[in-house]
Amino acid sequence: LYLYSDTHLGLPNPFVAPSAHKVEGFVFKDQFYWDTYFTILPLIGTERHDLAVGMVDNQLHLLERLGYVPNSNNRVHLGRSQPPLLSSMVDLVYRHDKDKDWLGRAYTLLKQEYYQVWVNTDHPHQRRVYEGLSRYYHDNGTHRGAEDESGWDYTTRFSDEALNYLPIDLNSFLYKMELDLSGFASELKLDDEAKDWEELAENRRVTVNHLMWNEEAGMFFDYDYGKRKQSSVYSVAAYATLLGGLADENQARRLVDNLSVFETDHGLATTKKTDEAVAGKQWASPNGWAPLHYIVVEGLEKYGYANEARRIAGKWLKTVNNKFEQDGLVYEKYNVVDPANLPTSAVYPDQYGFAWTNAVTLYFINCFYRSTQGT
């Protein structure tokens, strides 16, 4: 097993860590949950395909061992999970390999993750809390811990009360998970289960639309179920509804119209590009992040907005390249409102390395440039 020290859980396969560079005492040499999805994107079907499969198998190993997928294999992260993208990883691998025995094992474990973690109502997985929808959680029951689980550590989205919010991205990812599981059940000839998953997904879609869609604004918002009202924070988390296929065609068009709320010459700000930076809130304007650019671009492609997808991918590539030409480094995040200034940082200094930035950048190059230019 791959084990750095007694601070980490061992993993059966090698993996790509976010960064091996220690910056002011911080280093990210763990395998993180949602980072893995973005990191393996450009590896599928290449000479490093086995590395991608091994990383997904590491996540399945942790799920089988612990009953959930932790934030990472670092012991300090075991009290929480991260955005549930394991079914999406399994889908990427299965579409390429078509190994039904492997899919059968993964399907059984994913059902465990779904029921034991994401729709559980009991501590330490108390996530389904209102109208059948789920929130982020942490086994210490704190708002900060729940915000850590969201992957958006930290953000203006939840007003420092993450336990009180139904996040639009989480419930979009769960909608996609339900559809993924329906597809896996069909592949495994479990037709009744496939129909059950479709029904769960449809119920979630209806409730998300009822609580989180704002027709006047043309935008999905997080929902504060304690106060029974939508958040007022515009964020690109809304575009997870496109990645998962939850939005209808009219909603997709309105979301496209609202790209101007976030879009700058350098990419997409995480919240409104006009929002003032808030100290410690790195998942907000003026910062732009590789995984969020992927979610938006892939969602736009899915709904047929190819020109918009290519435009945003091109801006991201230019921003990463311009910074790389300055100092030869690839960063965790970028200031996309004013690249001359540093991005807003959180509780740790700006990281470079950086796995998901490299991966999403390469994925965009492969999708939008190599295929058309033959380079």
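See the structure printed just above.
The residue numbering used here restarts from 1 in each chain and proceeds along that chain's sequence as written. Per-residue local features of the predicted model are confined to residues with pLDDT of at least 70, and side-chain atom pairs are confined, for both listing and counting, to 80 or more; whole-chain, interface and lining totals are unaffected and use all residues. Side-chain descriptors were evaluated using all non-hydrogen atoms of the structure, hydrogens and water having been removed beforehand.

Asks: Help me understand the overall build of the chain, please; the structure alone is not making it clear to me.
Replies: Secondary structure summary: the chain contains 12 helices and 13 strands in total. Oriented by its inertia axes, the alpha-carbon framework of the chain measures out at about 55 × 50 × 45 Å. Any residue under 20% of the maximum accessible area for its type is buried, any over 50% is exposed, and the rest in between are partly exposed; the area is computed with a 1.4 Å probe on protein chains only. Counting only residues that meet the buried cut, the chain has 58% of its 375 residues in that class. Long-range pairs, those at least 24 residues apart, make up 66% of the contacts in the chain between residues at least 6 apart in sequence. Only the protein chains shown count as covering a residue, and every accessible area follows the Shrake-Rupley method with a 1.4 Å probe. Element-wise, carbon and sulfur atoms account for 47% of the exposed surface of the chain, whose accessible area totals about 15,200 Å². Put simply, DSSP H or I for four residues or longer makes a helix, DSSP E for two residues or longer makes a strand, and each gets a number counted from the N terminus. Note on contacts: a residue pair qualifies if any of its non-hydrogen atoms lie within 4.5 Å across the two residues.

Asks: What should I look at first to understand the packing of helix α2 (residues 49-66) against helix α4 (residues 100-118) in this one?
Replies: The relative placement of two packed helices is expressed as an angle between their axes plus a distance between the axes. At a closest axis distance of 10 Å, the pairing of α2 and α4 adopts a crossing angle of 50 degrees. Between α2 and α4, the angle falls in the class oblique. Crossing angle aside, the handedness with which α2 passes α4 is left-handed. In contact with Val56, Asp57, Leu60, His61, Leu63 and Glu64 of α2, α4 contributes Trp102, Arg105, Ala106, Leu109, Leu110, Gln112 and Glu113. Note on geometry: axes are lines fitted to C-alpha atoms, helical ones only across the stretch in contact, with angles between N-to-C directions running from 0 to 180 degrees. With respect to orientation, any angle under 35 degrees is reported as roughly parallel, any angle over 145 as roughly antiparallel, any angle of 65 to 115 as roughly perpendicular, and every other angle as oblique. If you view the pair so one helix is near and one far, a crossing is left-handed when the near helix is turned anticlockwise from the far one by less than a right angle, and right-handed when it is turned clockwise.

Asks: Teacher, can you tell me more about helix α9 (residues 249-257) here?
Replies: Residues that lie three or four places apart on an α-helix share one face, since the helix turns once every 3.6 residues. For α9, the full list of buried residues reads Gln251, Ala252, Arg254, Leu255 and Val256. Where the residues of α9 are buried, they touch α7 (191-212), β6 (213-214), β7 (219-220), α8 (240-243), α10 (290-302) and α11 (306-327). Residues adjacent in sequence count toward polar contacts only when both atoms are side-chain atoms; beyond that, a polar contact is any pair of N or O atoms within 3.5 Å, and within protein one must be able to donate a hydrogen and the other to accept it. Two or three places before asparagine 250, at the start of α9, stands the capping residue aspartate 248, its side-chain oxygen 3.1 Å from that residue's backbone nitrogen.

Asks: Looking at this structure, I do not really get the packing of aromatic side chains. What am I missing?
Replies: Remark: the centre distance and the inter-plane angle together describe each pair of aromatic rings, the angle taken between the planes. The aromatic pairing rule takes the rings of Phe, Tyr and Trp, using the six-membered ring of Trp, and pairs them if the centres are within 6.5 Å, calling planes under 30 degrees apart stacked, those over 60 edge-to-face and the rest tilted. Applying the stated criterion to the full structure yields 30 aromatic pairs. Measuring from centroid to centroid gives 6.2 Å for tryptophan 283 and tryptophan 356, while their planes differ by 85 degrees, and the two rings are edge-to-face. Of this pair, tryptophan 283 sits in the loop between β11 (267-268) and β12 (287-289) while tryptophan 356 sits in helix α12 (residues 355-373), and the two are 73 residues apart along the sequence. Overall, the relative accessible area of 1% leaves tryptophan 283 in the buried class. Here tyrosine 294 and tyrosine 363 contribute two aromatic rings whose centre-to-centre distance is 5.5 Å and whose plane-to-plane angle is 70 degrees, an arrangement assigned as edge-to-face. Remark: tyrosine 363 occurs in helix α12 and tyrosine 294 occurs in helix α10; sequence separation between them is 69 residues.

Asks: What is the right way to read the pattern of salt bridges from this model?
Replies: A pair can form between side chains of opposite charge whenever their charged atoms are brought close. Salt bridge, as used here, is a side-chain nitrogen of Lys or Arg placed within 4 Å of a carboxyl oxygen of Asp or Glu. Under the counting rule described, the total for this entry stands at 18 salt bridges. Between aspartate 169 and arginine 157 there is a salt bridge whose closest N-O contact spans 2.9 Å. Of this pair, aspartate 169 sits in helix α6 (residues 168-187) while arginine 157 sits in the loop between α5 (143-149) and β5 (165-166); the two residues are 12 residues apart in sequence, bridging distant segments of the chain. The pair aspartate 169 / arginine 157 is uniform in exposure class, with both members buried.

Asks: Whenever I open this one, the pairing of strand β1 (residues 19-23) confuses me. Can you help?
Replies: A pair of strands is considered paired only if DSSP assigns at least 2 bridges between the two. As defined by bridge partners, β1 adjoins strand β2 (residues 26-28) across two bridges and the pair is classed as antiparallel. Bridged to serine 19 within β2 is phenylalanine 28. Between the end of β1 and the start of β2, which pair antiparallel, lie two residues, with glutamate 24 showing a positive phi angle near 50 degrees.

Asks: Any chance you could explain the nonpolar core here in plain terms?
Replies: If you look at soluble globular proteins, the nonpolar side chains tend to sit buried side by side. Nonpolar cores were defined as sets of buried Ala, Val, Leu, Ile, Met, Phe, Trp, Tyr and Cys residues, with membership established by side-chain atoms within 4.5 Å. Membership of the largest hydrophobic core comes to 117 residues, with the highest contact counts inside it found for Phe38, Leu86, Phe220 and Tyr239. Leave out the neighbours within four places in its chain, and phenylalanine 220 touches Ile168, Val208, Asn209, Met212, Trp213, Ala238, Thr241, Leu246, Ala247, Gln251 and Leu255.

Asks: Got a minute to help me understand the sheet that holds strand β8 (residues 223-224) in this structure?
Replies: Sheet strands pair via backbone hydrogen bonds, and the direction of the pair is either parallel or antiparallel. Reading across from one edge, β5-β8-β9 is the order of the three strands in this open sheet, with antiparallel pairing throughout. Edge positions in the sheet fall to β5 and β9 (229-230), since each has one partner strand and no second. With two bridges connecting them, β8 and β9 associate as antiparallel partners. Paired with tyrosine 223 across the bridge in β9 is glutamine 230.

Asks: I'm lost on a negative patch on the surface in this one. Help?
Replies: Only residues above 30% relative accessible area that lack a salt bridge enter a patch, with like-charged residues linked at up to 9 Å and the nonpolar side chains Val, Leu, Ile, Met, Phe, Trp and Tyr linked at up to 5 Å. When charges are counted, neither His nor the chain ends are considered; positive counts come from Lys and Arg and negative counts from Asp and Glu. All charge positions are set by atom: Lys at NZ, Arg at CZ, Asp at CG, Glu at CD. A surface patch of negative charge is lined by Asp50, Asp97, Asp99 and Asp101. Relative to the helices and strands, aspartate 50 resides in helix α2. Aspartate 50 sits in the exposed class, given a relative accessible area of 66%.

Asks: Would you mind showing me how to read the side chain of asparagine 58 here?
Replies: Relative to the elements of secondary structure, asparagine 58 occurs in helix α2. A distance of 2.9 Å separates a polar side-chain atom of asparagine 58 from the backbone oxygen of asparagine 13. Side-chain polar atoms of asparagine 58 contact the side chain of glutamine 31, separated by 2.9 Å. Each residue touching asparagine 58, except ones within four places of it in the same chain, is listed here: Leu11, Pro12, Asn13, Pro14, Phe15 and Gln31.

Geometry only, nothing functional implied.
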